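Given next are the chains, with one letter for each unit.
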Amino acid sequence: MNTSVRHRTQQDLTPCVRALAEVHALDGYPLNWPDHPEAWLTPPSLLDAWVAERHGHIAGHIVLSRSGPGDAGPALWSARTGASPDATAVINRLFVAPTARGHRIGAALMARATTEARSRGLHPVLDVLASDTAAAALYERLGWHHLGTVTQQWTPTQTVDVHCYAAAP
């Protein structure tokens, strides 16, 4: 397969931003290009981050974070289970470089982040734009449960619908 998943290092950020730019140009993810993409890939609530390498190049990226006030998934999971939103970990910043798709890299990154969340005693959840049907299809193929869809105010003039998912128990 020639693909491996490993912890992200500081030196990985520049090639990650290049791959993210390719994803943004092709898929529109992230919806709003960040002013500081390296900082966007390293949110303040970061628990851990990984990259996938294929043939020696960055092929994908994923982050595991603590839940924050803007994350809808933890709140929906909490309402459904009665557990605290603090008992969740949020999977985000997932992308696979366009040239590396079709090799189960997204699934491998999801497995790594899910395993880490569970090892910390946290339940993995995520939010995804409702318009990102390819990502939603991946999560459903992996057995994640759709918790609901909410509308969020992302900027003063922009609202988006997001699907919220939780890993299977």
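Residues numbered from 1 in each chain as written. Predicted model: local features only at pLDDT ≥ 70, side-chain atom pairs only at ≥ 80, totals over all residues. Heavy atoms only, no water.

Counting residues in hydrophobic clusters, the biggest one holds 38 residues, and the most contacted among them are Leu-41, Ile-62, Ile-91, Met-110, Leu-126, Tyr-139 and Trp-144. Of all the secondary structure elements, the ones that give two or more residues to this core are helix H1 (13-27), strand E2 (46-54), strand E3 (57-66), strand E4 (88-96), helix H4 (105-119), strand E5 (123-129) and helix H5 (133-141). Apart from residues lying up to four places away in sequence, Leu-126 is in contact with Ile-91, Met-110, Tyr-139, Trp-144, His-163, Cys-164 and Tyr-165. In terms of nonpolar packing, the next biggest core, distinct from the first, is built from 10 residues, Ala-72, Leu-129, Leu-147 and Val-162 among them. (Core = buried A, V, L, I, M, F, W, Y, C linked by side-chain atoms within 4.5 Å. Buried < 20%, exposed > 50% of the residue type's maximum accessible area, 1.4 Å probe, protein only. Helix = DSSP H or I, 4+ residues; strand = E, 2+ residues; numbered from the N terminus. Contact = heavy atoms within 4.5 Å.)

Scanning the entire structure with this criterion turns up 5 salt bridges. The salt bridge partner of Asp-27 is Arg-101, with a shortest N-O separation of 2.5 Å. Here the residue Asp-27 occupies a position in helix H1, and Arg-101 occupies one in the loop between E4 and H4, the gap between them amounting to 74 residues. Judged by relative accessible area, which is 42%, Asp-27 ranks as partly exposed. The salt bridge involving Arg-112 is made with Glu-116; its shortest N-O contact spans 3.8 Å. With Arg-112 and Glu-116 both in helix H4, this residue pair falls 4 residues apart, about one helical turn. Here Glu-116 falls in the buried class, since its relative accessible area comes to 14%. (Salt bridge = Lys/Arg side-chain N within 4 Å of Asp/Glu carboxyl O.)

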